[in-house]
Amino acid sequence: MAVKFKHSDTYSTYFCTFTCFQWLNLFEITDSYSSVYKWFSYLKENNIAEIIAYVIMPNHLHCILYFPQDGFDLNKIIGNAKRFMAYDVVKKLKEKEQSNLLEQLTVALTEREKSKNQKHRVFEESFDAKAIFSEDFLMQKFSYIHLNPVSKKWKLTNDYTRFEHSSASFYEHEEIKYFKPKIANDAGSAAPDPAETEA
C-alpha cells in the first residue's frame, strides 16, 4: 500500500519524479509526451512553477521545478498533473484499441478508487520529490536527469544531448525542441547558462 507524504513549501526548488503504473511504458506506447509539455506550459503560463530541467522517459518523468511564490501545494500540483496526463493516456489507449492494457489498468484499482468513479490507474500512487537546497545538489540532479537516457538500463540514444524529450539539447546546443526550460539564477536554484555549458 502506497503511503502518501505531504511535501512542504519550505524550499522553492524540487527534483520531482513520477512513474507509470508498474513501470509500463505508457508514455511511449501512447505517444503522450505532448501532455507533459502541455502541463509544463500550464505551470509557466499561470506563474505556478518554472521548469528548470526535464526528461520524459518511456515510463516515467523527471523534472526540476522552481516555484516563484510561497504557499504552493506540491502534492496537489503533481496530483492534478497525473490526472490530466492519465486522461490523455487512456484516451489514446482506447484509440489504439489496447484492450489488454486498459483491462490491466482497471483491475489495479482499489475499491476506494472505484467508489470515487476512477476507471483506470495510469500512474503509481506516490511520487518522489527532493528539495534542492544547494547548487551542488542541483547540479547532481541536473546531470542525473540529462544522463538518464544513456544509462545502462535504458540506452535510448548514443548522445544524451540529442535525446528527443529532454532539456539537454537546450543546455548543450541552445536548441529548443518542444519546451524551453527556465534558466534560474536565484540562490539555491541556479541552472547553468547554455552559453557557458560545454557541448
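Here we summarise the structure given alongside this text.

**Remarks on the layout of surface pockets**
Gaps between atoms show up when a probe of the same size as a water molecule is rolled over them. Here the second largest pocket is characterised by a volume of approximately 170 Å³. As for the second largest pocket, its lining consists of Lys38, Trp39, Tyr42, Leu43, Ile48, Lys76, Ile77, Asn80 and Phe84. Elements supplying a minimum of two residues to the lining of the second largest pocket: α2 (33–45) and α3 (74–95). Grouping the constituent residues of the lining of the second largest pocket by class yields 6 nonpolar, 1 polar and 2 charged.

**Quick word on the sheet that holds strand β3 (residues 60–66)**
In spatial order, the strands read β2-β3-β1-β4; together these 4 strands make up an open sheet with antiparallel pairing. Two strands lie at the open edges of the sheet, namely β2 (50–56) and β4 (128–131), each paired on one side alone. The mean inter-strand angle of the sheet, taken between neighbouring strand axes irrespective of direction, is 15°. Pairing geometry for β2 and β3, over 6 bridges, is antiparallel.

**Description of the environment of Thr106**
Its place among the elements puts Thr106 in helix α4 (residues 99–107). Linking Thr106 and Lys119, residues 13 residues apart in sequence, is a C-alpha distance of 6.0 Å. Not counting residues within four places of it along the chain, the set of residues in contact with Thr106 comprises Lys114, Lys119 and His120. Polar contacts involving the side chain of Thr106 include one to the main-chain carbonyl oxygen of Leu102, which spans 2.9 Å.

**Focus: the pairing of β4**
Side chains of β4 alternate between two faces, with Ala129 and Ala131 buried and Asp128 and Lys130 left unburied. Direction of pairing for strand β1 (residues 13–19) relative to β4: antiparallel, over a ladder of 4 bridges. Among the inter-strand pairings, Cys16 is bridged to a residue of β4, identified as Ala129.

**A short note on the packing of α3 against α4**
α4 packs onto α3 with a crossing angle of 140° between their chain directions and a minimal axis gap of 8 Å. Contact residues: Val90, Leu93 and Lys94 in α3; Leu101, Leu102 and Leu105 in α4. Along the lines of polarity and charge, the residues of the contact of α3 with α4 split into 5 nonpolar, no polar and 1 charged.

**Section: the nonpolar core**
Membership of the largest hydrophobic core comes to 41 residues, with the highest contact counts inside it found for Leu26, Phe27, Trp39, Phe40, Leu65 and Leu74. If you list the elements that add at least two residues to this core, you get β1, α1 (26–30), α2, β2, β3, α3, α4 and β4. The leading source of residues in this core is α3, at 9 residues. Counting 16 residues, the second-largest nonpolar core is a separate cluster that includes Phe15, Met57, Ile64 and Phe163.

**Describing the side chain of Ser35**
For Ser35, the location among the structural elements is in helix α2. A distance of 2.7 Å separates the side chain of Ser35 from the backbone oxygen of Ser32, its partner in a polar contact. The residues touching Ser35, leaving out its near neighbours within four places in the chain, are Phe84, Met85 and Asp88.

**Side note on the pattern of salt bridges**
Two side chains carrying opposite charge are able to pair once their charged atoms lie near each other. Within this structure, the stated rule accounts for 5 salt bridges. Between Asp88 and Lys92 there is a salt bridge; the shortest N-O distance is 3.5 Å. Residue Asp88 and its partner Lys92 are located together in helix α3, separated by 4 residues, close to a single helical turn. With relative accessibility at 17%, the residue Lys92 sits in the buried group. Glu175 is the partner of Arg162 in a salt bridge, and the nearest nitrogen-oxygen pair spans 2.8 Å. Taken together, the positions of Arg162 in the loop between α6 (135–147) and α7 (168–173) and Glu175 in the segment after α7 put the pair 13 residues apart, joining distant regions of the chain.

Criteria and thresholds
- Residues numbered from 1 in each chain as written.
- Predicted model: local features only at pLDDT ≥ 70, side-chain atom pairs only at ≥ 80, totals over all residues.
- Heavy atoms only, no water.
- 1 Å grid on protein atoms, 1.4 Å probe; cavity = no way out; pocket = protein on both sides within 12 Å on 5 of 7 lines; lining within 4 Å.
- Points joined across faces, edges and corners; volume = space filled by probe spheres on them.
- Helix = DSSP H or I, 4+ residues; strand = E, 2+ residues; numbered from the N terminus.
- Nonpolar A, V, L, I, M, F, W, Y, C, P; charged D, E, K, R; others polar.
- Pairing = 2+ DSSP bridges.
- Axes fitted to C-alpha atoms, helices over the stretch in contact; angles between N-to-C directions.
- Contact = heavy atoms within 4.5 Å.
- Polar contact = N/O pair within 3.5 Å; in protein donor to acceptor, adjacent residues only side chain to side chain.
- Buried < 20%, exposed > 50% of the residue type's maximum accessible area, 1.4 Å probe, protein only.
- Core = buried A, V, L, I, M, F, W, Y, C linked by side-chain atoms within 4.5 Å.
- Salt bridge = Lys/Arg side-chain N within 4 Å of Asp/Glu carboxyl O.

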